[in-house]
Every structure is written in structure tokens, then in C-alpha cells.
Amino acid sequence: MAMSGGKDDGSPMGEMNSTPLIDVMLVLLIMFIITIPPVTHAVKIDLPIPNNQPVDNPVDPVINKIVILPTNEILWNGTQVSLDQMAQYLDQTKAMSPEPELQFQPAPTTGYEIVDFALARIKRAEVEKFGFVGNEQYFNFGKADNEP
């Protein structure tokens, strides 16, 4: 790019210098991009911290399992329930002493919305003994048959 300082006859240049304007616009664009908050939607669940110490208490004899099928059906220990029934069962287990363990297993092709609703209900019930099971089913989910 060539720059000119005006005409050779010494007269002033009548054009506006747009370089500082472009610089200011680029700085404003970068500031705008930095200040935009990332769009995220998450259900925050406090997962248990692994404890390697031996447990003196025996393993709880009652383990409740919630399975969500690809057809958006919710199973509580193998019996189909609605979200409201699941919430009632969660309240009943929360009142038990000791509180039974709750296992959660959505199918890989289950819709996000029903899983989100179920996790929100579990969070509202303040379940303390909670875990995800069946995560190994997601290991090969979505890979082609010829991939390692």
C-alpha cells in the first residue's frame, strides 16, 4: 500500500484518514466479543467425592435405580413412573434412615429434555447418595463400526 502526504504543490490533503477509525472499530469489536457471556445451560449436581478409606457401615441393602429409555419412559426399579411419581418416591427415600443409594442410567439415545427434567427433580429432592451407572455404554456411542 502506498501512502501520500498530499499533492506535490504543498496543499493540504482533503481526504479523511480512515486508519484510526478502523483501529477504533476493531478494538470495540474485540471488547464486545470478550464481554459477551458464554451461553451455557447446565444442571449443577454435586457429585460425591471419592473416598478411599474403608467404610465401617455395611453396604445399604436398598438401591433404587432410575432408568430413562429412548422412548422417554422413566423406570423406577423396573416399573414405569411419571416425573411426579418419581418425585414422590424420591421424597419417600429421603425420609428413610439410612438413605438408600440412587442410581441414574439414561439410555444413549434418550432426549436431553427428559433427562434434564429428571436430574432437576433429583436435585430438588436433595438426594445425597447419587451416582451415574452404565457410563460404559457411551464409550462407543456414535462411532462407526470400522473405527477402533
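Values in this document were obtained by computation on a predicted structure and should not be read as measured data.

A. Broad picture of the pairing of strand E4 (residues 101–106). The buried count for E4 comes to 5 of 6 residues, which makes it a mostly enclosed element. Examined bridge by bridge, strand E1 (residues 63–68) and E4 share 6 bridges and lie parallel to one another. Across the sheet, Ile66 pairs through a bridge with Phe104, a residue of E4. Direction of pairing for E4 relative to strand E5 (residues 130–132): parallel, over a ladder of 3 bridges. When the bridges of E5 are listed, Leu102 appears paired with Phe130.

B. Structural view of the side chain of Asn64. One can find Asn64 in strand E1. Overall, Asn64 belongs to the buried group, its relative accessible area being 7%. The contact partners of Asn64, leaving out residues within four places of it in the chain, are Trp76, Asn77, Thr93, Pro100, Glu101, Leu102 and Gln103.

C. Representation of the nonpolar core within the structure. Counting 18 residues, the largest nonpolar core has Ile66, Met86 and Phe104 as its most contacted members. Mapped by element, the contributors of at least two residues to this core are E1, strand E2 (74–76), helix H2 (83–95), E4 and helix H3 (112–124). Element by element, the count of residues in this core is highest for H3, at 5 residues. Discounting residues that sit within four places of it in the chain, Ile66 has contacts with Ile74, Leu75, Trp76, Met86, Leu102, Gln103, Phe104, Gln105 and Ile122.

D. Summary view of the environment of Val81. Mapped onto the fold, Val81 is located in strand E3 (residues 79–81). The buried category is assigned to Val81, whose relative accessible area is 8%. Along the primary structure Val81 and Ile66 are separated by 15 residues, whereas in three dimensions their C-alpha atoms are 9.7 Å apart. Other than its neighbours up to four places away in sequence, Val81 contacts Ile74, Trp76, Met86 and Tyr89.

E. Focus on the packing of aromatic side chains. If you walk through the whole model with that rule in mind, you get 4 aromatic pairs. Here Phe104 and Phe130 contribute two aromatic rings whose centre-to-centre distance is 6.1 Å and whose plane-to-plane angle is 40°, an arrangement assigned as tilted. You can see Phe104 sitting in strand E4 and its partner Phe130 sitting in strand E5, a full 26 residues away along the chain. Comparing Phe104 with Phe130 shows no difference in burial state: the two are buried. Summarising the aromatic geometry, the rings of Phe104 and Phe132 are spaced 5.8 Å apart at their centres and angled 80° between planes, so their arrangement reads as edge-to-face.

F. Spatial organisation of the pattern of salt bridges. Summed over all chains, the structure comprises 3 salt bridges. Of the charged contacts, one joins Lys94 and Glu99 as a salt bridge, the two residues approaching to 3.4 Å between their closest N and O atoms. Taking the relative accessible area as the measure of exposure, Lys94 reaches 28% and is therefore partly exposed. In this structure, the salt-bridge partner of Lys94 is Glu128, at a minimum N-O distance of 3.3 Å. With Lys94 in helix H2 and Glu128 in the loop between H3 and E5, this residue pair connects regions lying 34 residues apart in the sequence.

G. Focus on the pairing of E1. Because side chains alternate across E1, one face comprises the buried residues Asn64, Ile66 and Ile68, and the other comprises Ile63, Lys65 and Val67, none of which is buried. Pairing of E1 with E2, which is carried by 3 bridges, proceeds in the antiparallel orientation. Looking across to E2, one finds that Ile68 is bridged to Ile74.

Scoring rules and cut-offs
Residues numbered from 1 in each chain as written. Predicted model: local features only at pLDDT ≥ 70, side-chain atom pairs only at ≥ 80, totals over all residues. Heavy atoms only, no water. Buried < 20%, exposed > 50% of the residue type's maximum accessible area, 1.4 Å probe, protein only. Helix = DSSP H or I, 4+ residues; strand = E, 2+ residues; numbered from the N terminus. Pairing = 2+ DSSP bridges. Contact = heavy atoms within 4.5 Å. Core = buried A, V, L, I, M, F, W, Y, C linked by side-chain atoms within 4.5 Å. Phe/Tyr/Trp six-rings, centres within 6.5 Å; stacked < 30°, edge-to-face > 60°. Salt bridge = Lys/Arg side-chain N within 4 Å of Asp/Glu carboxyl O.

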